[in-house]
Amino acid sequence: MLEQPGNVARKIKTLYALQAVFPFDQAVYGQLAREPAEHHPQVCRGCGCSEWDKDDRHAIRFAWSTDHSCVRCDGTPAAERDQ
Ligand SMILES: [Zn+2]
């Protein structure tokens with residue numbers, strides 16, 4: 001429900017409860033929920049990672065494939081990615 005347009009977590013307790021179930025950065029959530037689109041951080045639409053995330057979820061070095069997708073989600077072969 002919080003990802004629907006116009007819905008925003010109003011209590012910090014809600015964010016802590018969600019964070020107990022799945023990892024996310026509350027600062028990034030705050031930017032996406034409250035800042036205008038031109039101030040949104042670049043986040044992969046496939047996995048939700050950004051260049052600032054630790055690379056635990058990526059077996060490969062994090063890199064952008066497009067403005068909205070990392071190379072992992074885009075499926076860019078490693079030979080092309082590391083050039
Ligand atoms: Zn991704």
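Residues numbered from 1 in each chain as written. Predicted model: local features only at pLDDT ≥ 70, side-chain atom pairs only at ≥ 80, totals over all residues. Heavy atoms only, no water.

Engineer: I'd like a description of the packing of aromatic side chains, backed by residues and values.
Structural biologist: Here the structure, examined in full by the defined rule, presents two aromatic pairs. Each ring, one from Phe22 and one from Phe24, has its centre 5.6 Å from the other, and the planes form 40°; the classification is tilted. In this structure Phe22 comes out as partly exposed when scored by relative accessible area, which is 40%. An angle of 65° between the planes, with centres 6.4 Å apart, marks the rings of Phe24 and Tyr29 as edge-to-face. On the basis of relative accessible area, Phe24 is assigned to the partly exposed category, the value being 21%. Three or more aromatic residues joined by ring pairs form one cluster here, namely Phe22, Phe24 and Tyr29. (Phe/Tyr/Trp six-rings, centres within 6.5 Å; stacked < 30°, edge-to-face > 60°. Buried < 20%, exposed > 50% of the residue type's maximum accessible area, 1.4 Å probe, protein only.)

Engineer: Which residues make up the coordination of the zinc ion, and what values do they have?
Structural biologist: Donor atoms from the polypeptide that bind the zinc ion are Cys44 (SG), Cys47 (SG), Cys70 (SG) and Cys73 (SG), placed at 2.3 to 2.4 Å. Coordination at the zinc ion comes from four donor atoms whose angles at the metal span 106 to 114°, giving a geometry best classed as tetrahedral. For the zinc ion, all donor residues lie on one chain, and their spacing in sequence is C-x2-C-x22-C-x2-C. Under the relative-accessibility criterion, Cys44 is labelled buried at 3%. (Donors = N, O, S within 2.8 Å, 3.2 Å for Na, K, Ca; no water. Tetrahedral: all angles 85-135°; square planar, octahedral: opposite > 155°, others 65-115°.)

Spatial relationships are all this shows, so hold off on functional conclusions.
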